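# Examining the three-dimensional arrangement
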Amino acid sequence: EDAAEESNVSAELIAQRKRLVDEWNAWRIRCRDEGPKRKGKENGKKEEEKEEIEVWIDEVIEQIEEEVVE
Amino acid sequence: MRPILLQGHERSLTQIKFNPEGDLLFSCSKDHVINVWFTHNGERLGTYDGHNGTVWSIDVDSQSRFLVSGSADNTLRLWSVQTGKCLYKWEFPTAVKRVAFSDDDEQIVCVTEQRMGYQGAIRVFNINRDGDGSNQSKEPASFFNPIGSKAVVCAFAQSPNLLITGHESGKIAIFDAKTGEEVQNNERAHMDVVTDLQLSPDRSYFITSSKDKTARIHDTRTLMVIKTYSTETPLNSAAIAPLKPYVLLGGGQDAMSVTTTSLRQGKFETRFWHKIFEEEVGRVKGHFGPINTIAVSPRGDCYASGGEDGFVRVHHFDESYFRAKPYGDLEIED
């Protein structure tokens, strides 16, 4: 209901999107299950990388003035 | 989004690449130079000098130790990322249009141009990672000429010893990297030249862009089209955003046709499309010419675009980008 209110779309469209996401997720899981097995070493590395991603640091970056020529 | 403008190239950009940590951004250009920048502040860390022609393509290995580049000066070069020194140079009869490292950093693939009695060729080289990297074998581990439409983009697939190629005709194919045999193809993946090919982090799918104004996601094993993003402008580049369900597309009519049509149609914007719903969700303006190359940081916190106008623009995503769920609470697999 909240989602419907927020995006202001019909129930039909929401059902359609849900179907698309379900299809996509099913395909992704199939890819993972049937895909070539990776080396253990690499798997470990990948997981570490994922952990890094979750610790997301918001750095303040120097603002550079930009001249826009119309 | 706060853009950082990287000024250091004198001519149009051809390719940009982040290293796996996302802290470094590599860029190459028609001005013969390769630059490396700090992603967080846009400061130039260094340059890789030596090419005598347009540098068409670059790639960096997973350890940010070696950089490989291919150029219109008919050379493929291996560089030390840290020192900027050219470690090895391979020479060919024609220009090198595309280069890529394998998943395990042990090999590089390069596509050379078809010209003056020479067929387009794909070569795979084994990289000797011992010592300082300057002791490489001159001879390729494998070499073949794809028959039919020439290959323009190439990358290593998910499985060892398989290559994915994108062709001038719009075809995509899988080749056996050892024998050069075409294992699989999709002749009608696109209706016009394939301009870019970027893989998902696990290499199980990839996105291609084309002058036929579409970008498509394909299954790496079957080459089946999974998603299609149809725009109104020829596309030069397409990238997959990690962590969020978006793809980024860039292009625009080339300078020659822009003068004959209204400027409005140029549309030099990076377009964000929803990866699953195939709907456009936003655009980012900034370039004064077509966008030639787009890369998203593997960390998913920023993206960069390189334009025909000679600029690289780095955009760090706002907090709102990470919070936004424009289509409600749907759990989407990466």
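Residues numbered from 1 in each chain as written. Chains lettered and ligands numbered in written order. Predicted model: local features only at pLDDT ≥ 70, side-chain atom pairs only at ≥ 80, totals over all residues. Heavy atoms only, no water.

On to the sheet that holds strand β10 (residues 96-101) of chain B, then. Pairing between sheet strands relies on hydrogen bonds along the backbone, with the strands arranged either parallel or antiparallel. All names here are of chain B. In spatial order, the strands read β10-β11-β12-β13; together these 4 strands make up an open sheet with antiparallel pairing. What marks the edges here is a single partner per strand, and that holds for β10 and β13 (142-144). Pairs of neighbouring strands in the sheet enclose a mean axial angle of 15°, with direction left out of account. Pairing of strand β12 (residues 121-126) with β13, which is carried by 3 bridges, proceeds in the antiparallel orientation. Paired with I122 across the strands is F144, a residue of β13. (Pairing = 2+ DSSP bridges. Helix = DSSP H or I, 4+ residues; strand = E, 2+ residues; numbered from the N terminus. Axes fitted to C-alpha atoms, helices over the stretch in contact; angles between N-to-C directions.)

Turning to the pairing of strand β8 (residues 75-80) of chain B, a few remarks are in order. Residues and elements named next belong to chain B. Taking burial as the measure, the 6 residues of β8 include 6 buried ones, the bulk of the element. What you see with β8 is no split at all: T75, R77 and W79 on one side and L76, L78 and S80 on the other are buried throughout. Summarising the sheet, strand β7 (residues 66-71) and β8 pair through 5 bridges and their orientation is antiparallel. The residue of β8 that forms the bridge with G70 is L76. Taking the residues that link successive antiparallel strands as the turn, the β7-β8 hairpin has 3 residues, and the phi of N74 there is positive, at about 70°. From the end of β8 to the start of strand β9 (residues 86-91), which pair antiparallel, there are 5 residues, and G84 there has a positive phi angle of about 80°. (Buried < 20%, exposed > 50% of the residue type's maximum accessible area, 1.4 Å probe, protein only.)

Every contact between the two is made by 28 residues of chain A and, on the other side, 41 residues of chain B. Between chain A and chain B, the buried area comes to about 3,200 Å², and carbon and sulfur atoms account for 57% of it. Note that E333 of chain B and R32 of chain A form a salt bridge whose closest N and O atoms lie 2.9 Å from each other. Counting every contact that joins chain A to chain B gives 10 residue pairs in polar contact (both at pLDDT 80 or more). Contributions of two or more residues to the side of chain A that touches chain B are made by α1 (2-7), α2 (11-34) and α3 (40-54) of chain A. With 13 residues, α2 of chain A is the single largest residue contributor to the side of chain A that touches chain B. Across the side of chain A that touches chain B, the residue classes break down as 12 nonpolar, 4 polar and 12 charged. (Contact = heavy atoms within 4.5 Å. Buried area = accessible area lost by both parts, 1.4 Å probe. Salt bridge = Lys/Arg side-chain N within 4 Å of Asp/Glu carboxyl O. Polar contact = N/O pair within 3.5 Å; in protein donor to acceptor, adjacent residues only side chain to side chain. Nonpolar A, V, L, I, M, F, W, Y, C, P; charged D, E, K, R; others polar.)

Moving on, we come to the pairing of strand β25 (residues 280-284) of chain B. Residues and elements named next belong to chain B. Two strands pair when backbone bridges link them, and strand β24 (residues 270-274) and β25 are joined in this way by 4 bridges, in the antiparallel orientation. When the bridges of β25 are listed, F272 appears paired with G282. Between β24 and β25, which follow one another and run antiparallel, lie 5 residues, and E278 among them has a positive phi close to 55°.

This part takes up the UniProt feature "repeat: WD" (unreviewed entry) in chain B. Residues and elements named next belong to chain B. As annotated by UniProt and renumbered to match this structure, "repeat: WD" (unreviewed entry) occupies residues 6-47, 48-89, 187-228 and 284-314. Taken as a whole, residues 6-47 contains 0% helix and 52% strand, while its terminal C-alpha atoms sit 13 Å from one another. End-to-end, the C-alpha atoms of residues 187-228 are 16 Å apart, and along that stretch the chain is 0% helix and 52% strand. (UniProt positions renumbered as here; feature names shortened; annotations may be inferred.)

It is worth spelling out the pattern of salt bridges at this point. Residue and element names in this part refer to chain B. Per the stated rule, a full pass over the model turns up 22 salt bridges over all chains. As a salt-bridge pair, D73 and R77 come within 3.4 Å of each other at their nearest N and O atoms. Owing to a relative accessible area of 6%, R77 belongs among the buried residues under this scheme. Between R115 and E113 there is a salt bridge, with its nearest N and O atoms 3.4 Å apart.

With that settled, the discussion passes to the sheet that holds strand β14 (residues 151-156) of chain B. Residues and elements named next belong to chain B. Spatial ordering of the open sheet is given by β14-β15-β16-β17, a layout of 4 strands whose pairing is antiparallel. Strand pairing shows two members of the sheet lacking a second neighbour, β14 and β17 (182-186), which therefore form its edges. Across this sheet, the average inter-strand angle for adjacent strands is 20°, counted without regard to direction. Here β14 pairs with strand β15 (residues 162-167) via 5 bridges, running antiparallel. By the bridge assignment for β15, A151 is matched with H167.

On average, residues of chain B carry a pLDDT of 94, and 96% of them reach 70 or more. Reported confidence for the predicted complex is 0.87 by ipTM and 0.87 by pTM. (pLDDT = per-residue confidence, 0-100.)

Right, let's talk about the environment of G53 of chain B for a bit. All names here are of chain B. If you trace the backbone, G53 turns up in the loop between β5 (44-48) and β6 (55-60). Since its relative accessible area comes to 7%, G53 is described here as buried. Residues G53 and H32, 21 residues apart in the sequence, show an inter-C-alpha distance of 5.1 Å. Ignoring anything within four residues of it in the chain, the contact list for G53 reads H32, S71, A72 and D73.

Another aspect to go through is the nonpolar core. By size, the foremost hydrophobic cluster in this structure holds 19 residues, and its most contacted members are I207, A215, I217, Y229, V247 and L249 of chain B. For this core, the element with the highest residue contribution is α2 of chain A, accounting for 5 residues. Apart from residues no more than four positions distant in its own chain, Y229 of chain B is found in contact with I207, K213, T214, A215, R216, I217, V247, L249, W273, H274, K275 and E278 of chain B. Counting residues in hydrophobic clusters, the runner-up holds 15 residues, among them L78, W90, V96 and I127 of chain B. (Core = buried A, V, L, I, M, F, W, Y, C linked by side-chain atoms within 4.5 Å.)

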